[in-house]
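# Observations on the three-dimensional arrangement
Each chain, written out:
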Number of protein chains: 4
Amino acid sequence: MKEELRHLLESLLQNGSEEDLGVIKQLLEGVQNKIKGNRRTYIDGILHMETSFENECYEITIPISPVIHNNLNIVHGGITATVLDTSMGVLVNRLVPEGYGAVTNQLNIHYIAPGIGETLRCKAEVIHKGTKTMVISGEAFRSDGKKIAYATGTFFIIKKG
Amino acid sequence: MKEELRHLLESLLQNGSEEDLGVIKQLLEGVQNKIKGNRRTYIDGILHMETSFENECYEITIPISPVIHNNLNIVHGGITATVLDTSMGVLVNRLVPEGYGAVTNQLNIHYIAPGIGETLRCKAEVIHKGTKTMVISGEAFRSDGKKIAYATGTFFIIKKG
Amino acid sequence: MKEELRHLLESLLQNGSEEDLGVIKQLLEGVQNKIKGNRRTYIDGILHMETSFENECYEITIPISPVIHNNLNIVHGGITATVLDTSMGVLVNRLVPEGYGAVTNQLNIHYIAPGIGETLRCKAEVIHKGTKTMVISGEAFRSDGKKIAYATGTFFIIKKG
Amino acid sequence: MKEELRHLLESLLQNGSEEDLGVIKQLLEGVQNKIKGNRRTYIDGILHMETSFENECYEITIPISPVIHNNLNIVHGGITATVLDTSMGVLVNRLVPEGYGAVTNQLNIHYIAPGIGETLRCKAEVIHKGTKTMVISGEAFRSDGKKIAYATGTFFIIKKG
């Protein structure tokens, strides 16, 4: 397996463009972060999520790079959904009692403007805090401050295994 | 840059688990597919999307692997959203006249069951075909046939370039 | 109270147009249906809902009249929502075990075409039948067969008082 | 027609309960308001909508009465949808240039708590103000201040006839 991976990388180094090499770097560093335990999931590592939590508001910021582009070279709507869903879900997890977790039951997203620029920042806030469900809003902004998406979701609160 | 990437890979080969190496393989092969021109985007390549189009119905199937897991080790809802949005958006692109494309305006997803098993298959169909907008449904299934999500979205039809 | 109502009606009979009188007739007949026990709610009576249930599919048809128009003289989107929500909710109620009922947790509606013509028909079907929640679709059609709206909703199954 | 309506009313006065008579009063006064030109639609009149507009925020308050109850004797979700949609749509109409109007393209509602108490108040605010579409939020509150629903909608801006 290891030799196979070395050969695979060499082949990419020979045929890849500068953009391709940048993408490979982001991907491998993402796995590295996961291995080091800095991130809980590969997705989290690959997207290089930076987080903050304050006043019942949870934020995630990621760099915008070709890795997350769609075929129009703007941020893929599914990536915006991924970062929104993650920020909203983590917020619920922060607010539930010990021993409980959250799963997304439903997520609605309005796409407002193209995701371009340096970074994508998603901000999750509470709309309704119940004992069985929470309704959470998520806003996505690009680095020039423009809102690119607005989401709301219903999260189920479940007792962990 | 190339030397940096070789060192990065070596460090991962030393410290990574078998799962980590499998993830690296999937990621590098994803980039390879993009370089070879088999896939239009890195996301498409990394997720190893297999597609089919028949009778105004577009399907995408991807393998389920740790790359797309959330911290509960099931498919991240954002990945399901990504494959749903892609299948729905590509369907619209197939149905619009030459010179036109589609952008997602709004996407609503009901999450129904955990994404586990071998593969995730998303199937997009037309609810309403207008000249300015289309409304599309997307269903996601796992390999045992269970429906894991149901989505609807509004797509705007835009003149390209 | 009775005398007040008689005076109120007389004043309307003097000042109202033919359309106004038709509206009054529909409203009073709606209350009459509720009093006679043919309908469970005033809304149901006023909208003159006709229903059918077959093969896990529940339908409601109502006449389109000025009572339910918005200021553009087409069916008010809220009325379409009301008939969709009712058909979807009643369907769930038909499918749950004895002693259980359903409440709408979330409802998403795509409005597709203006509600004009003779009647509005809403058709509810099951997307997912769970023991705690159901996901239901609702389609609204006008009398010329054109689809005017498509909805999906999450319904919570609750034990009745 | 007039004689028919008088007979209809008399029959209701004989057979109706006190609640039924209260409902008839609300309905007839609703039509009266429409005739007098105080309200633009019968729905608006029947629901006795009171409105306010300030700082790009539009509010509608209605009394809660048996007219708008579902079969659980709480506000029918469709009525909440109607008042939300109306407040959100009127807000867009207030914000578009002269000669333009708005139609609801999509509406998503989270139902949070039962609609009980004296009044239902819906508050619409701007999430995104574009030239072709607007995204609007709507919150519904009952008289004890509890939030009972949260909605977002996409509105299309159209040139009027």
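All values derive from a computational prediction rather than experimental measurement.

Each value, and the rule that gives it
- Residues numbered from 1 in each chain as written.
- Chains lettered and ligands numbered in written order.
- Predicted model: local features only at pLDDT ≥ 70, side-chain atom pairs only at ≥ 80, totals over all residues.
- Heavy atoms only, no water.
- Least-squares fit on C-alpha atoms with pLDDT ≥ 70 in both.
- Contact = heavy atoms within 4.5 Å.
- Salt bridge = Lys/Arg side-chain N within 4 Å of Asp/Glu carboxyl O.
- Helix = DSSP H or I, 4+ residues; strand = E, 2+ residues; numbered from the N terminus.
- Nonpolar A, V, L, I, M, F, W, Y, C, P; charged D, E, K, R; others polar.
- Pairing = 2+ DSSP bridges.
- Axes fitted to C-alpha atoms, helices over the stretch in contact; angles between N-to-C directions.
- Expected span 1.5 Å × (residues − 1).
- Buried < 20%, exposed > 50% of the residue type's maximum accessible area, 1.4 Å probe, protein only.
- Buried area = accessible area lost by both parts, 1.4 Å probe.
- Polar contact = N/O pair within 3.5 Å; in protein donor to acceptor, adjacent residues only side chain to side chain.
- Phe/Tyr/Trp six-rings, centres within 6.5 Å; stacked < 30°, edge-to-face > 60°.
- Lys NZ or Arg CZ within 6 Å of the ring centre and 35° of its normal.
- Parallel < 35°, antiparallel > 145°, perpendicular 65-115°, else oblique.
- Left-handed = near helix turned anticlockwise from the far one by under 90°.

Let's shift gears to the relation of the copies chain D and chain C. Each copy of the sequence occupies a distinct position, and chain D is placed on chain C by a rotation of 180 degrees and an axial shift of 0.0 Å, giving an RMSD of 0.0 Å. Taken together, the rotation angle and the small translation identify this as a two-fold axis. Judged by C-alpha distance, N108(D) is the residue of chain D that lies nearest the rotation axis, at 2.1 Å. Most of the interface of chain D is mirrored in chain C: 100% of its interface residues are interface residues there too.

Turning our eyes to something else, we now look at the interface of chain D and chain B. Facing six residues of chain D, the contacting portion of chain B comprises six residues. Counting across the interface, chain D meets chain B through zero salt bridges. In terms of residue count, strand β3 (residues 100–111) of chain D provides more of the side of chain D that touches chain B than any other element does, three residues in total. The class makeup of the residues in the side of chain D that touches chain B is one nonpolar, five polar and no charged.

Let's shift gears to the sheet that holds strand β2 (residues 57–63) of chain C. Strands belonging to one sheet form pairs held by backbone hydrogen bonds; the direction of such a pair is parallel or antiparallel. Here we have 12 strands laid out as an open sheet, ordered β1(C)-β2(C)-β4(C)-β5(C)-β6(C)-β3(C)-β3(D)-β6(D)-β5(D)-β4(D)-β2(D)-β1(D), and antiparallel in their pairing. One side of each edge strand has no neighbouring strand; the edge strands of this open sheet are β1 (50–54) of chain C together with β1 (50–54) of chain D. When the angles between neighbouring strand axes are averaged without regard to direction, this sheet yields 20 degrees. In this sheet, strand β6 (residues 147–159) of chain D lies alongside β3(D) in antiparallel orientation, the contact comprising 11 bridges. Bridge pairing links H110(D) to Y150(D) in β6(D). Packing of helix α4 (residues 77–95) of chain C onto the sheet brings it into contact with β1, β2, β3 (100–111), β4 (119–129), β5 (133–142) and β6 (147–159) of chain C, and relative to β3(C) it is tilted by some 145 degrees. Packing of helix α4 (residues 77–95) of chain D onto the sheet brings it into contact with β1, β2 (57–63), β3, β4 (119–129), β5 (133–142) and β6 of chain D, and relative to β3(D) it is tilted by some 145 degrees.

Here we come to helix α2 (residues 18–36) of chain A. The terminal C-alpha atoms of α2(A) lie 27 Å apart, and with 19 residues this matches the ideal 27 Å at 1.5 Å per residue to within 8%. The set of residues buried in α2(A) consists of D20(A), L21(A), V23(A), I24(A), Q26(A), L27(A), L28(A), G30(A), V31(A), Q32(A), N33(A) and K34(A). Looking at the buried residues of α2(A), the elements they touch are α1 (2–15) and α3 (42–47) of chain A together with α1 (2–15), α2 (18–36) and α3 (42–46) of chain B. After α2(A) finishes, the residue G37(A) shows a positive phi value of roughly 85 degrees.

What follows concerns the environment of R39(A). When you line up the elements, R39(A) lands in the loop between α2 and α3. Among all residues touching R39(A), those that are not within four sequence positions of it are N33(A), K34(A), D44(A), G45(A), H48(A), M49(A) and E50(A).

A separate point is the relation of the copies chain D and chain B. Placing chain D over chain B gives an RMSD of 0.0 Å and needs a rotation angle of 180 degrees, together with 0.0 Å of translation along the axis. A share of 100% of interface residues in chain D that are also interface residues in chain B marks the association as one of identical surfaces.

Counting from both sides, the interface comprises 55 residues of chain D and, opposite them, 55 residues of chain C. Across the chain D to chain C interface the summed buried area is about 5,000 Å²; carbon plus sulfur atoms make up 68%. At the junction of chain D and chain C, the tally comes to four salt bridges. Across the pair E10(D) and R6(C) runs a salt bridge whose closest N-O atoms are separated by 2.5 Å. Here chain D is connected to chain C by 20 residue pairs in polar contact (both at pLDDT 80 or more). Broken down by secondary-structure element, the contributors of at least two residues to the side of chain D that touches chain C are α1 (2–15), α2 (18–36), α3 (42–46), α4 and β3 of chain D. It is α2(D) that contributes the most residues to the side of chain D that touches chain C, 13 residues altogether. When β3(C) meets β3(D), the two strands line up antiparallel, connected through five bridges.

So, on to the sheet that holds strand β2 (residues 57–63) of chain B. The 12 strands lie next to each other as β1(A)-β2(A)-β4(A)-β5(A)-β6(A)-β3(A)-β3(B)-β6(B)-β5(B)-β4(B)-β2(B)-β1(B), forming an open sheet whose pairing is antiparallel. Edge positions in the sheet fall to β1 (50–54) of chain A together with β1 (50–54) of chain B, since each of these pairs with one other strand and no more. Ignoring strand direction, the axes of neighbouring strands in this sheet form an average angle of 20 degrees. Where β2(B) and strand β4 (residues 119–129) of chain B come together, seven bridges link them in antiparallel fashion. From the neighbouring strand, Y58(B) faces β4(B), where its bridge partner is A124(B). Packed onto the sheet, helix α4 (residues 77–95) of chain A meets β1, β2 (57–63), β3 (100–111), β4 (119–129), β5 (133–142) and β6 (147–159) of chain A and runs at close to 145 degrees relative to β3(A).

For the coordinates displayed, the defined rule picks out six aromatic pairs over all chains. With a centroid separation of 6.1 Å and 45 degrees between ring planes, the pair formed by F53(B) and Y58(B) is classed as tilted. The class of F53(B) is partly exposed, set by a relative accessible area of 35%. Here the basic side chain of K34(A) rests over the ring of Y42(A), its NZ or CZ set 4.6 Å away from the ring centre.

Attention now moves to the side chain of E139(A). Residue and element names in this part refer to chain A. Along the chain, the position of E139 falls in strand β5. Taking the relative accessible area as the measure of exposure, E139 reaches 14% and is therefore buried. Non-local contacts of E139, meaning those with residues more than four positions away in its chain, are made with L84, R121, C122, K123, E125, K147, A149 and Y150.

This part is about the packing of α4(C) against α4(D). Close contact between α4(C) and α4(D) brings their axes to 8 Å; oriented N to C, the two are set at 160 degrees. In terms of their interaxial angle, α4(C) and α4(D) are classed as roughly antiparallel. Seen along the crossing, α4(C) lies across α4(D) with a hand that is right-handed. Residues G77(C), G78(C), I79(C), A81(C), T82(C) and D85(C) of α4(C) form the contact with α4(D), whose own contacting residues are G77(D), G78(D), I79(D), A81(D), T82(D) and D85(D). A class-by-class count of the residues in the contact of α4(C) with α4(D) yields four nonpolar, six polar and two charged.

Another point: α4(A). Over its 19 residues, α4(A) extends 27 Å from the first C-alpha to the last, a length consistent with the 27 Å expected when each residue adds 1.5 Å. Counting buried positions along α4(A) yields 16 of 19 residues, so the element is predominantly enclosed.

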